[in-house]
Amino acid sequence: MTTVTPHETTTPSRRTVIPAPARDRDRQAPVPRSPEVGWQELVDAVRESGQYPTRAEAESVTRIVLSALGGHVVGDERVELARALPEEAARVIASQIPATRPLTAAEFVESVAARIEGSTPATARWDVSSVLGVLPSLVGEDLITRIIGQLPQGYALLFGRAELTPAE
């Protein structure tokens, strides 16, 4: 015959284990990129975003939109944008003379349409959004928020953001 004796049950103590921070030597150093690689990555992101059939078309659209944007971003935001972008894109931004008056978002799109052969306002809006929509992931949301803040109302949509307006 087997006798069962009750065992005292104890709750195991919970121990929180906090992992040790990674040592600097364990971290991988960033791989240095050449200026050409950074530009290619930007153009490839625009090509994917805008679904352009060729790299050349995506590159052309990127140059046109960035040059248009370069005239409308001023001050510290312009400097930070140029620093955050690949060297070729930074040159496109920095080489623009600041606009004498800010364009509305619709006027901005129309100005881009005038620079692209065969473009309409609808296709230019697509082109602008394809380029501006990839910038937040490259330069950071904070900088884009500040850039949008200095531009007239309507630009947030071109950067792929909702534009909320206060109720009246």
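Structure: see above.
Summarised in this report is the structure supplied together with it. Just so we're clear, the structure is a prediction, and the values are computed from it rather than from any experiment. (Residues numbered from 1 in each chain as written. Predicted model: local features only at pLDDT ≥ 70, side-chain atom pairs only at ≥ 80, totals over all residues. Heavy atoms only, no water.)

1. Describing the side chain of Ser-130
Move 1: If you trace the backbone, Ser-130 turns up in helix H6 (residues 121-132).
Move 2: Setting aside chain neighbours within four positions, we find Ser-130 in contact with Val-46, Ser-49, Gly-50 and Tyr-52. (Helix = DSSP H or I, 4+ residues; strand = E, 2+ residues; numbered from the N terminus. Contact = heavy atoms within 4.5 Å.)

2. As for helix H2 (residues 55-70)
For an α-helix, the turn length of 3.6 residues means that residues three or four places apart are oriented alike.
Move 1: For H2, which comprises 16 residues, the first-to-last C-alpha distance of 22 Å matches the rise-based estimate of 22 Å (1.5 Å per residue) to within 8%.
Move 2: Within H2 the residues assigned to the buried category are Ala-58, Val-61, Thr-62, Ile-64, Val-65, Leu-66, Ser-67, Ala-68, Leu-69 and Gly-70. (Expected span 1.5 Å × (residues − 1). Buried < 20%, exposed > 50% of the residue type's maximum accessible area, 1.4 Å probe, protein only.)

3. Details of the packing of helix H3 (residues 75-84) against helix H8 (residues 141-150)
Two packed helices can be described by the angle between their axes and the distance between those axes.
Move 1: The contact between H3 and H8 brings their axes to 10 Å, and the two run at 140°. Judged by the inter-axis angle, H3 sits oblique to H8. Pair H3 / H8 crosses with left-handed handedness. Counted together, Glu-77, Glu-80 and Leu-81 of H3 and Leu-143, Arg-146, Ile-147 and Gln-150 of H8 form the full contact between these two elements.
Move 2: Taken together, the residues that form the contact of H3 with H8 break down as 3 nonpolar, 1 polar and 3 charged. (Axes fitted to C-alpha atoms, helices over the stretch in contact; angles between N-to-C directions. Parallel < 35°, antiparallel > 145°, perpendicular 65-115°, else oblique. Left-handed = near helix turned anticlockwise from the far one by under 90°. Nonpolar A, V, L, I, M, F, W, Y, C, P; charged D, E, K, R; others polar.)

4. Points about the pattern of salt bridges
Move 1: Within the structure shown, the criterion is met by 10 salt bridges.
Move 2: Across the pair Glu-77 and Arg-146 runs a salt bridge whose closest N-O atoms are separated by 3.3 Å. Residue Glu-77 is found in helix H3, and its partner Arg-146 is found in helix H8; the two are separated by 69 residues along the sequence.
Move 3: Glu-88 is paired through a salt bridge with Arg-91; the nearest N and O atoms lie 2.5 Å apart. Taken together, the residues Glu-88 and Arg-91, both in helix H4 (residues 87-94) and 3 residues apart, mark about one turn of the helix.
Move 4: Its relative accessible area of 46% is what places Arg-91 among the partly exposed residues.
Move 5: One salt-bridge network, in which partners are shared between bridges, spans Glu-59, Arg-63, Glu-87, Glu-88 and Arg-91. (Salt bridge = Lys/Arg side-chain N within 4 Å of Asp/Glu carboxyl O.)

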